2 protein chains.
Amino acid sequence: MPRILAITGGVGGAKLGLGLAQLLSPEELIFAVNAGDDFTHMGLEISPDLDTLTYTLADLANPDTGWGRRDESWEFMAALAEMGGETWFQLGDRDLALHVRRTDLLRQGASRTEAAAIIGRALGVAFQLLPMSDESVRTTVHTDRGALAFQHYFVRDRCQPEVTGFEFQGLDAARPNPAILSCLDGVDGIVICPSNPYVSVDPMLHLPGMRDALLAASAPVVAVSPIVGGAAIKGPTAKMMRELAIPNTAAAVAAHYGDLLDGFILDEQDKGLEDALGVPAIVTQTVMVTLQDRVNLARDVLAFVQKLT
Amino acid sequence: MPRILAITGGVGGAKLGLGLAQLLSPEELIFAVNAGDDFTHMGLEISPDLDTLTYTLADLANPDTGWGRRDESWEFMAALAEMGGETWFQLGDRDLALHVRRTDLLRQGASRTEAAAIIGRALGVAFQLLPMSDESVRTTVHTDRGALAFQHYFVRDRCQPEVTGFEFQGLDAARPNPAILSCLDGVDGIVICPSNPYVSVDPMLHLPGMRDALLAASAPVVAVSPIVGGAAIKGPTAKMMRELAIPNTAAAVAAHYGDLLDGFILDEQDKGLEDALGVPAIVTQTVMVTLQDRVNLARDVLAFVQKLT
């Protein structure tokens, strides 16, 4: 089997990540995870995308919400509300332990990468989960209501403000995770999972040197379109594209990634578009409802990577 | 009714505090609370004595443990253990909300006094709960196993190490809570509740200027002995006294407070000792099992204060 680096953001990324994890061993699959969504909430270091991926691979994820753990209880949140605390970001009792543990590990001097590894291992995840950087990068969403920290835009304000642009704060002082850079030489394929290009993938691509390192890698870079038939499966991608006056099409996503791409994967609903992309493309079912859907897409992705090698 | 300042530490202090709170209005009763037990645990600011008093007055306390909330759940703790976190200090799901809320308030710039008031009010406590200082003072217990942070000695090591002395770190930079000092002129009595003299009351008495301010107050200072018939009702007071080669008697407690005292309250079991103390004393039932016991003792304390005025 090929050695794959999977670039993931939120729920879509975790879905394909799980499919890949069914087919590949921990020696064959490494995850590079968006950390632009990370934020400090009530003193707790929260990494929503990393957490979603960790819970998904640990078989602890809540399939209904796309965040947090399943079989969760909410006693903490109820008591916090009673005490006048902030309740716009929901923290289940068991989920909270992850954030407290990470915060504690970071305070003790662990890097974000080390904290992710310790927590992943404790939850039974054998795959390497590499935050995009050990430095802090925070996505700011510029909107008609002003500049919003990403989680304020995404969770508190439910993506309702109209987006005018994005800013990734801390980029200048951040470096790509050295473990991601050092694996680029040895991988056979780089898969950009179907995550939001603007807020889940771009923070990583904008890290100083990251895009160049991906361009320099000999392995093909393949992206799976998060836009299917003009809509996003989940999340605000299509809404953001409309607000930014970008056609909300899979082709616009491919154009956004530009020369980074060696291949693009479209959904069956977008059949016919593949010849107009200027990059090799395949069409398959990218909408993942069942575990089998995830595995099937992962298999198609791997076959496409192999063909491009 | 007289206006009373109650100096409290842990469980014993909260018990008499509740008795006093049954008899006095929030205008008549102010609490000065030990904060030497405070510690930062996994980034959370925890104030065990203040929390015990707050929960007790809010009718949320766990009567079986003497700490935490009743009807508590432990999902957070189970998940934290699963992730390899520190589990020696038990944090229930709802109790945790208090610590997260306080930590958040302090991070936002609230003083310890303001945080205590906000949380107290939210839980329905109308009484002023004044931490002994807005600055941080941390009790270190010197033992045969070395210097231990108080909660390490008390909770993690279950008071097993042999005590050789105490140290209150941060005293030099700490001032007594200005709200405590400013109420001293207006109170009719100062009650040192039956708390551990060495670790629950001494941190407050050792604050620069605190003892002098209490001596200068015209109101009588009355202490209730935490030692009954040579034993402590709860906690390590008697064990500490033995280890420090102090007779584990109520008389030794009175001698410890020395010229601060205008009156001392002994348990019935120590009847006969009252004339040897060198300070006016009464004998009553100080062991508080039921709510009525708490109210009865509070009534006796108030009558004694009135007699001494």
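These remarks concern the structure in this document. Please read these numbers as outputs of a predicted model, since none were measured by experiment.

What counts and how
Residues numbered from 1 in each chain as written. Chains lettered and ligands numbered in written order. Predicted model: local features only at pLDDT ≥ 70, side-chain atom pairs only at ≥ 80, totals over all residues. Helix = DSSP H or I, 4+ residues; strand = E, 2+ residues; numbered from the N terminus. Rg over C-alpha atoms; globule rule 2.2 N^0.38 Å. Buried ≥ 20, exposed ≤ 12 C-beta atoms within 10 Å, placed from the backbone. Contact = placed C-beta atoms within 7 Å. Nonpolar A, V, L, I, M, F, W, Y, C, P; charged D, E, K, R; others polar. Pairing = 2+ DSSP bridges. Axes fitted to C-alpha atoms, helices over the stretch in contact; angles between N-to-C directions. Expected span 1.5 Å × (residues − 1). Arc of directions from axis to C-beta. Least-squares fit on C-alpha atoms with pLDDT ≥ 70 in both. Core = buried A, V, L, I, M, F, W, Y, C linked by C-beta atoms within 7 Å. Parallel < 35°, antiparallel > 145°, perpendicular 65-115°, else oblique. Left-handed = near helix turned anticlockwise from the far one by under 90°.

### A closer look at the overall build of chain A
Part 1: Scanning chain A from N- to C-terminus turns up 12 helices and 14 strands.
Part 2: Here chain A has a C-alpha radius of gyration of 18 Å; the compact-globule value for 309 residues is 19 Å, and the two agree.
Part 3: Taken along its principal axes, the extent of the C-alpha atoms in chain A is 60 × 45 × 40 Å.
Part 4: When the 309 residues of chain A are sorted by exposure, 49% land in the buried category.
Part 5: Considering only contacts in chain A between residues 6 or more positions apart, those separated by 24 or more positions represent 66%.

### Side note on the interface of chain A and chain B
Part 1: Opposite the 25 residues of chain A that make contact, chain B presents 25 residues.
Part 2: At the level of elements, helix H3 (75-82), helix H4 (93-107) and helix H5 (112-122) of chain A are the ones that each hand at least two residues to the side of chain A that touches chain B.
Part 3: For the side of chain A that touches chain B, a count of residues per class yields 13 nonpolar, 5 polar and 7 charged.

### Describing the sheet that holds strand S1 (residues 4-8) of chain B
All names here are of chain B.
Part 1: Taken together, the 7 strands give an open sheet; going across it, the order is S5-S2-S1-S9-S10-S13-S14, and neighbouring strands pair in parallel fashion. Two strands bound the open sheet, and with one partner strand each, they are strand S5 (128-131) and strand S14 (281-284). For this sheet, the mean inter-axis angle between neighbouring strands, taken without regard to orientation, is 20°.
Part 2: In terms of strand pairing, strand S13 (residues 263-267) meets S14 through 4 bridges, oriented parallel. Bridging across to S14, phenylalanine 264 finds its partner in alanine 281.

### Focus: helix H12 (residues 291-308) of chain A
Part 1: In a regular helix each residue adds 1.5 Å, so 18 residues correspond to 26 Å; H12(A) covers 26 Å between its end C-alpha atoms and thus fits that length.
Part 2: Buried residues belonging to H12(A) abut helix H1 (11-23), strand S9 (189-192), strand S10 (221-224), strand S13 (263-267) and strand S14 (281-284) of chain A.

### Quick notes on the sheet that holds strand S6 (residues 138-143) of chain B
Strands belonging to one sheet form pairs held by backbone hydrogen bonds; the direction of such a pair is parallel or antiparallel.
Residue and element names in this part refer to chain B.
Part 1: With respect to topology, 3 strands assemble into an open sheet ordered S7-S6-S8, the strand pairing being antiparallel. Edge positions in the sheet fall to strand S7 (146-149) and strand S8 (163-169), since each of these pairs with one other strand and no more. Within the sheet, the average angular offset between the axes of one strand and its neighbour, ignoring direction, is 25°.
Part 2: With 6 bridges joining them, S6 and S8 adopt antiparallel strand pairing. Looking across to S8, one finds that valine 141 is bridged to phenylalanine 166.
Part 3: Contacting S6 and S8, helix H8 (residues 197-205) crosses the sheet at an angle of about 25° to S8.

### Some thoughts on helix H5 (residues 112-122) of chain B
Working note: α-helix, 3.6 residues per turn, so residues spaced by three or four point in the same direction.
All names here are of chain B.
Part 1: Where H5 is concerned, the buried positions are Arg112, Ala115, Ala116, Ile119 and Gly120. Mapping the buried residues of H5 onto a view down its axis gives an arc of 125°, with all of them on the same face.
Part 2: Of the residues flanking the end of H5, it is glycine 124, one or two places downstream, whose phi is positive at about 90°.

### Considerations on the relation of the copies chain A and chain B
Part 1: Turning chain A through 180° and shifting it by 0.0 Å along the axis lays it on chain B, with an RMSD of 0.0 Å. Considering both components of the superposition, the chain copies are consistent with a two-fold axis. Every residue of chain A has its C-alpha some distance from the rotation axis, and the shortest such distance is that of Asp93(A), at 3.1 Å.
Part 2: Most of the interface of chain A is mirrored in chain B, where 100% of its interface residues are also at the interface.

### Points about the nonpolar core
Within soluble globular proteins, side chains that are nonpolar generally end up buried alongside one another.
Part 1: Judged by nonpolar contacts, the single largest core of 175 residues is most densely connected at Ile7(A), Val301(A), Ile7(B) and Val301(B).
Part 2: Once residues within four sequence positions are removed from consideration, Ile7(A) is found in contact with Ala32(A), Ile190(A), Val191(A), Ile192(A), Cys193(A), Val201(A) and Met204(A).

### With respect to the environment of Val222(A)
Part 1: Position of Val222(A) among the secondary structure elements: in strand S10.
Part 2: Between the C-alpha atoms of Val222(A) and Ala6(A), which are 216 residues apart in sequence, the distance is 9.7 Å.

### Focus: the pairing of S6(B)
All names here are of chain B.
Part 1: As defined by bridge partners, S6 adjoins S7 across 4 bridges and the pair is classed as antiparallel. Across the sheet, threonine 140 pairs through a bridge with alanine 149, a residue of S7.
Part 2: Linking two consecutive strands that pair antiparallel, namely S6 and S7, is a turn of 2 residues.

### Looking at the packing of H4(A) against H5(A)
All names here are of chain A.
Part 1: Where H4 contacts H5, the two axes come as close as 9 Å, and the packing angle between them is 140°. With respect to H5, the element H4 is oriented oblique. In this structure, H4 crosses over H5, and the sense of that crossing is right-handed. From H4, Leu98, Arg101, Arg102, Leu105 and Leu106 reach across to H5, where they touch Ala115, Ile118 and Ile119.
Part 2: In the contact of H4 with H5, the residues fall into 6 nonpolar, no polar and 2 charged.

### Things to note about the environment of Thr54(A)
All names here are of chain A.
Part 1: By the element assignment, threonine 54 lies in helix H2 (residues 48-57).
Part 2: Classification of threonine 54 as buried rests on a count of 25 C-beta atoms within 10 Å.
Part 3: Placed 63 residues apart in sequence, threonine 54 and alanine 117 show a C-alpha to C-alpha distance of 9.9 Å.
Part 4: Those residues in contact with threonine 54, other than ones at most four positions away along the chain, are Ile119, Gly120, Leu123, Val125 and Leu129.

### Let's talk about unusual backbone geometry
Part 1: Of note, the phi angle at Asp71(A) is positive, near 50°, even though the residue is not glycine.
Part 2: Position of Asp71(A) among the secondary structure elements: in the loop between H2 and H3.
Part 3: Residue Asp71(A) is classed as exposed on the basis of its 9 C-beta neighbours within 10 Å.
Part 4: Even without being a glycine, Ala245(B) presents a positive backbone phi close to 60°.
Part 5: Position of Ala245(B) relative to the elements: it lies in the loop between helix H10 (237-243) and helix H11 (250-257).

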